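Breakdown of the fold
Here's the letter readout for the chains.
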Amino acid sequence: MAAVFNVVQVERVSGPWDVSSSSSSSSGSSSRTTVRLGLPSKGRMAEGTLNLLKDCHLSVCKPNPRQYVADITELQNLEVWFQRESDVVRKMLAGDIDLGIVGYDVVAEHGQDNEDLVVVHDQLGFGECHLGLGIPKYGIFENVSSVSDLAAMPQWTSSRPLRIVTGFTYLASRLLKAKGLEHIQLSTADGALEAAPAMGTADAILDLVSSGTTLRENNLKEIEGGTLIKSQGVLVASKRALLKRKGALDVTREMLERLEAHLRAKSQFLLTGNMRGESQEHVAELVLRHTRLSGLQGPTISPVYSLPDAGDGVKVQYYAVAICVHKRQLYDAVNELRKICGSGVLVSPLTYIFDEEPPRWRQLLATLQE
Ligand SMILES: Nc1ncnc2c1ncn2[C@@H]1O[C@H](COP(=O)(O)OP(=O)(O)OP(=O)(O)O)[C@@H](O)[C@H]1O
Ligand SMILES: O=P(O)(O)OC[C@H]1O[C@H](OP(=O)(O)OP(=O)(O)O)[C@H](O)[C@@H]1O
Ligand SMILES: [Mg+2]
């Protein structure tokens, strides 16, 4: 097991990265003319990141796991660097990377509240987990079900604090006290933290949880109030880079727009069906009054022209209705269209829904002006 910190000491000691040195760019960063995007080189977040970018038609070519530099054809003047997630954040603070996609937990722990970091998109929809306390189900913890129960246990004193093992010492030292845990002692380890209580090397753990299987398999439980942060993949940037590096803000905007538009579209299907009706207005009325289908702004309705059996000239008997529906509502939507005599319903996936300027972009510009 690595170093043991007393909470009070941890607060005074700099983290793995001395943030105070981050205000000066590392050598060469100011003369660099390309924009750099840092992506996870391995682990859970690597695949999710590459898949999401691919779905946004921002394909990063990574033919082998040992390739650490790449580019994205669609984004000019951009270099992609594959790094461990914590290094993406550290290098961003040092001025060596401008933008990155990593788990929010890594930004919170290794960014250490540095004001240069700005989360541009906070919900990329993969890598969901939370940082939570895990305590044994057995022994003195058997009836402990909340952080307040844990804090109220007479066992923890300044000479015998609650020993918590975690890879998140910065967040632990910042957030656990605020939850009322007075007497705690932090220690760190690189992995398999869940073994520590049974080994007797810690009383509790503070680690990432997603399915909860590892906790369960090790006879540990989560408790009410024990979640410190929720996390998922985020797009993060260096404010200095966005303000000073030529092209950084343009690349960020394009990435943000594509991500927003894709993440919005991902949950939707486009339905088109033909309906008999007297006019576009009549069909619109049927759809709007007799179904719960309204699409983004409302249904799009267009005439379907056909040649009648006898006579000349084209005739309109059908109208095509196009509507976006949530994937979960697909079957209900098809039935609703059928109810008002819709037929031949085609269903297509959507790649993007570009709306007006994304609120996250406006938010970013406001943050940059602060
Ligand atoms: N159940 C989970 N456990 C850990 N991380 C998760 C989980 N679910 C999502 N994540 C995300 O994945 C990131 C860690 O990924 P991973 O465990 O593959 O890398 P790592 O811990 O850095 O590598 P290693 O485990 O080899 O040291 C976390 O920072 C978090 O954002
Ligand atoms: O809630 P679960 O779905 O069970 O996931 C949680 C576990 O996954 C992670 O470990 P990882 O697999 O990264 O192994 P490591 O300890 O070697 O990093 C994390 O540190 C937990 O131990
Ligand atoms: Mg891990």
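Per an unreviewed UniProt entry, the protein chain is named ATP phosphoribosyltransferase, and its organism is Selaginella moellendorffii. The record held by UniProt for the protein chain lists under Pathway (unreviewed entry) the comment "Amino-acid biosynthesis; L-histidine biosynthesis; L-histidine from 5-phospho-alpha-D-ribose 1-diphosphate: step 1/9." In the Catalytic activity (unreviewed entry) part of its UniProt record, the protein chain is described as follows: "1-(5-phospho-beta-D-ribosyl)-ATP + diphosphate = 5-phospho-alpha-D-ribose 1-diphosphate + ATP".

Focus: unusual backbone geometry
Here the phi dihedral of Asn77 falls at roughly 60°; this positive angle occurs in a residue that is not glycine. Checked against the element boundaries, Asn77 lands in the loop between β3 (69-70) and β4 (78-83). On the basis of relative accessibility, which here comes to 41%, the residue Asn77 falls in the partly exposed class. Unusually for a residue other than glycine, Ala192 sits at a positive phi of about 50°.

Here's the deal with the site of ligand 1
Taken together, 14 residues lie around ligand 1, and Lys42, Gly43, Arg44, Asp105 and Ser210 are the ones closest in. Residue Asp105 places a side-chain N or O atom 2.6 Å away from an oxygen atom belonging to ligand 1. When the free accessible area of ligand 1 is taken as 610 Å², the share hidden by the protein chains comes to 69%. For the shell around ligand 1, the elements supplying multiple residues, two or more each, are α2 (44-55) and α4 (104-111). In terms of residue class, the shell around ligand 1 is made up of four nonpolar, four polar and six charged. Residue-level mapping places the shell around ligand 1 at the junction of two domains, with at least three residues from each of domain 1 (32-127 + 232-265 + 358-369) and domain 2 (129-229).

Looking at the UniProt feature "domain: ATP phosphoribosyltransferase catalytic" (unreviewed entry) in the protein chain
Summarizing the sequence annotation, UniProt attributes the feature "domain: ATP phosphoribosyltransferase catalytic" (unreviewed entry) to residues 84-259 in the numbering used throughout. Helix and strand shares over residues 84-259 are 32% and 29% respectively, and the end C-alpha atoms of the span are 22 Å apart.

Some details on the sheet that holds strand β14 (residues 300-306)
If you walk across this open sheet you meet the four strands as β14-β15-β13-β16, and the pairing is antiparallel. The sheet is open, and its two borders are formed by β14 and β16 (342-349), each paired with just one other strand. Put simply, the sheet's adjacent strands are angled 25° from each other on average, direction ignored. Sheet analysis places β14 next to strand β15 (residues 315-326), joined by seven bridges and oriented antiparallel.

Topic: the nonpolar core
Ranked by internal contacts, the top residues of the largest apolar core, which has 33 residues, are Val80 and Met255. Those elements that provide at least two residues to this core are β2 (35-40), α2, β4, β5 (99-103), β6 (117-121), β12 (233-238), α10 (248-265) and α13 (359-369). Ile135, Val144, Phe168 and Leu186 belong to the second-largest nonpolar core, a separate cluster that totals 25 residues.

Re the sheet that holds β12
What links the strands of a sheet is backbone hydrogen bonding, and the strands pair in either a parallel or an antiparallel sense. The six strands are arranged β3-β4-β2-β5-β12-β6 in an open sheet whose pairing can be described as mixed. At either margin of the open sheet sits one strand with a lone partner, and together these are β3 and β6. Against the sheet, helix α3 (residues 85-94) engages β2, β4, β5, β6 and β12, with an angle of about 145° to β5.

Topic: the packing of α3 against α4
For the pair α3 and α4, the least separation of the axes is 9 Å and the interaxial angle reads 50°. With respect to α4, the element α3 is oriented oblique. For the pair α3 and α4, the crossing hand works out as right-handed. In contact with Glu85, Ser86, Val89, Arg90 and Leu93 of α3, α4 contributes Val106, Val107, His110 and Gly111. Residues that form the contact of α3 with α4 fall into these classes: four nonpolar, three polar and two charged.

Some remarks on α10
In a regular helix each residue adds 1.5 Å, so 18 residues correspond to 26 Å; α10 covers 26 Å between its end C-alpha atoms and thus fits that length. Summarising burial for α10: 13 of the 18 residues are buried, a large majority.

Brief notes about the pairing of β12
Here β12 lies mainly inside the structure; six of its six residues are buried. Examined bridge by bridge, β5 and β12 share five bridges and lie antiparallel to one another. Residue Gly100 lies in a different strand from β12, and its bridge partner there is Val236. The pairing of β6 with β12 spans four bridges and is antiparallel. When the sheet's bridge partners are listed, His121 is paired in β12 with Leu235.

Things to note about the domain arrangement of the protein chain
Here the protein chain is described as being made up of domain 1 (32-127 + 232-265 + 358-369), domain 2 (129-229) and domain 3 (268-349). Taking the mean C-alpha position of each, domain 1 and domain 2 sit 32 Å from one another. Listed as interface residues are seven residues of domain 1 and, on the opposing side, nine residues of domain 2. Counting each side, the surface lost to burial between domain 1 and domain 2 is near 720 Å², with a carbon and sulfur contribution of 56%. It is Asp105, Ala108 and Glu109 that lose the most area in domain 1 upon contact with domain 2, and together they represent 61% of the buried surface on that side. At the surface where domain 1 touches domain 2, the tally comes to zero salt bridges. Taken together, the connections running from domain 1 to domain 2 amount to six residue pairs in polar contact (both at pLDDT 80 or more). Residue composition of the side of domain 1 that touches domain 2, grouped by class: two nonpolar, two polar and three charged.

Analysis parameters
Residues numbered from 1 in each chain as written. Chains lettered and ligands numbered in written order. Predicted model: local features only at pLDDT ≥ 70, side-chain atom pairs only at ≥ 80, totals over all residues. Heavy atoms only, no water. UniProt positions renumbered as here; feature names shortened; annotations may be inferred. Helix = DSSP H or I, 4+ residues; strand = E, 2+ residues; numbered from the N terminus. Buried < 20%, exposed > 50% of the residue type's maximum accessible area, 1.4 Å probe, protein only. Near = heavy atom within 4 Å. Polar contact = N/O pair within 3.5 Å; in protein donor to acceptor, adjacent residues only side chain to side chain. Areas by Shrake-Rupley, 256 points an atom, 1.4 Å probe, with all protein chains shown as cover. Nonpolar A, V, L, I, M, F, W, Y, C, P; charged D, E, K, R; others polar. Domains from an automatic or database assignment. Pairing = 2+ DSSP bridges. Axes fitted to C-alpha atoms, helices over the stretch in contact; angles between N-to-C directions. Core = buried A, V, L, I, M, F, W, Y, C linked by side-chain atoms within 4.5 Å. Contact = heavy atoms within 4.5 Å. Parallel < 35°, antiparallel > 145°, perpendicular 65-115°, else oblique. Left-handed = near helix turned anticlockwise from the far one by under 90°. Expected span 1.5 Å × (residues − 1). Buried area = accessible area lost by both parts, 1.4 Å probe. Salt bridge = Lys/Arg side-chain N within 4 Å of Asp/Glu carboxyl O.

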